[in-house]
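What the coordinates show
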Amino acid sequence: MRVISGTCKGRKLQAVPGMSTRPTTDKVKEAIFNIIGPYFSGGIGLDLFAGSGGLGIEALSRGLDRVIFVDHDRKAVQTVRKNVAACGLEKQAEIYCNDAERALKAVAKRGLRFSVIFLDPPYKENKWPALLSALAVCRLLEPGGVVVAEHSAEARLPETADGLVQWKRETYGITGVTIYRWKGDETDGEHCRLSREF
C-alpha cells in the first residue's frame, strides 16, 4: 500500500498484522478520490473503522486539515500511528481506540462537522442502516459533506438515511463503494441520541 497523490505521494503504508482487517486496495482508493476530490481545500475528515488508516492519510495528503482515526482493534490503532508518523502527519491526526458508537457520541459532543466520513466496517456485519442513521441523527456532516461507504459488491445500502442521500455507487471486483451526500438541515447534533448499537 502507498499514498497515491498529494504531499505524501509515494509513501509506503504498513498493513495491520493478521487477518482481522481488509485494506482498501490502491485501485479502489484512487477511484474513491477521483469521485470525491481529487483534492481538498481544508476541512476535517473522520476515518471510522480506520484499519491501517490509508483512506484518512490519503485525504490529509490531498488537502484536508485534520482527520480523526478510530478503530476498536489495538493492532490497527498502532498501525495507524506508525503510518501517520511515516508520513509526518502527526499534528494533523487524532487517533483513538474506540468502538463506532462511542466515537460518534464523542465527536458529536464536541460539535464537530466533517467534510468527509470514511466507513469500512467488516463486510459480514450488516451495520449499515443503524450506522448511516446515526451519522445523520448526530448531524456530523457539514453542508455538502460526503460519506464514503466501502462494502461487499453484492451489498445494497439504503437509498436515503435521515438526510443522507445516495449519490453514487460503483463496483470494483469484490468491493462496492456507495457515496452519500448530506442533504439534511443544520440542526445542532450535540445532544444526539443513538437508539441502536451497531
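I will try to describe carefully the structure that is included in this document. Owing to the predicted nature of the structure, the values given are computational and were not obtained by experimental measurement. (Residues numbered from 1 in each chain as written. Predicted model: local features only at pLDDT ≥ 70, side-chain atom pairs only at ≥ 80, totals over all residues. Heavy atoms only, no water.)

**Considering the pattern of salt bridges**
Taken as a whole and judged by the stated rule, the model has eight salt bridges. Among the salt bridges present, the one from K29 reaches D26, with a minimum N-O distance of 3.8 Å. With a gap of three residues between them, K29 and D26 both fall in helix α1 (residues 26-36), about one helical turn apart. For K29, a relative accessible area of 1% puts it in the buried group. Judged by relative accessible area, which is 22%, D26 ranks as partly exposed. (Salt bridge = Lys/Arg side-chain N within 4 Å of Asp/Glu carboxyl O. Helix = DSSP H or I, 4+ residues; strand = E, 2+ residues; numbered from the N terminus. Buried < 20%, exposed > 50% of the residue type's maximum accessible area, 1.4 Å probe, protein only.)

**Let's talk about the environment of A76**
The topology assignment puts A76 in helix α3 (residues 74-86). For the pair A76 and S52, spaced 24 residues apart in sequence, the C-alpha separation works out to 5.8 Å. Excluding residues within four positions of it along the chain, A76 makes contact with V16, G51 and D71. (Contact = heavy atoms within 4.5 Å.)

**Quick word on helix α2 (residues 54-61)**
Among the eight residues that make up α2, eight are buried, leaving the element largely enclosed by the rest of the structure. Contacts made by the buried residues of α2 are with α1, β1 (44-48), β2 (66-71), α3, β4 (114-119) and β5 (141-152). Looking one or two residues beyond α2, the residue adopting positive phi is G63, at roughly 125 degrees.

**Quick word on the side chain of T24**
With respect to the element layout, T24 can be found in the segment before α1. A polar atom in the side chain of T24 sits 2.7 Å from the side chain of E150. When residues no more than four places from it in sequence are discounted, the contact partners of T24 are M1, K29, L55, D120 and E150. (Polar contact = N/O pair within 3.5 Å; in protein donor to acceptor, adjacent residues only side chain to side chain.)

**Re the sheet that holds β1**
To summarise the sheet geometry, strands pair through backbone hydrogen bonds and adopt either a parallel or an antiparallel arrangement. Pairing is mixed across the open sheet formed by eight strands, whose spatial order is β3-β2-β1-β4-β5-β8-β7-β6. Of all strands in the sheet, those bounded by a partner on one side alone are β3 (93-97) and β6 (160-161). Where β5 lies against strand β8 (residues 175-182), seven bridges are found, and the strand directions are antiparallel. Following the sheet pairing, V148 is matched in β8 by I179. Together, β1, β2, β4 and β5 form the strand contacts of α2, whose direction differs from that of β2 by roughly 175 degrees. On the sheet, α3 packs against β2 and β3 and is oriented at approximately 165 degrees with respect to β3. (Pairing = 2+ DSSP bridges. Axes fitted to C-alpha atoms, helices over the stretch in contact; angles between N-to-C directions.)

Take it as geometry only, folks, not as evidence of what the structure does.
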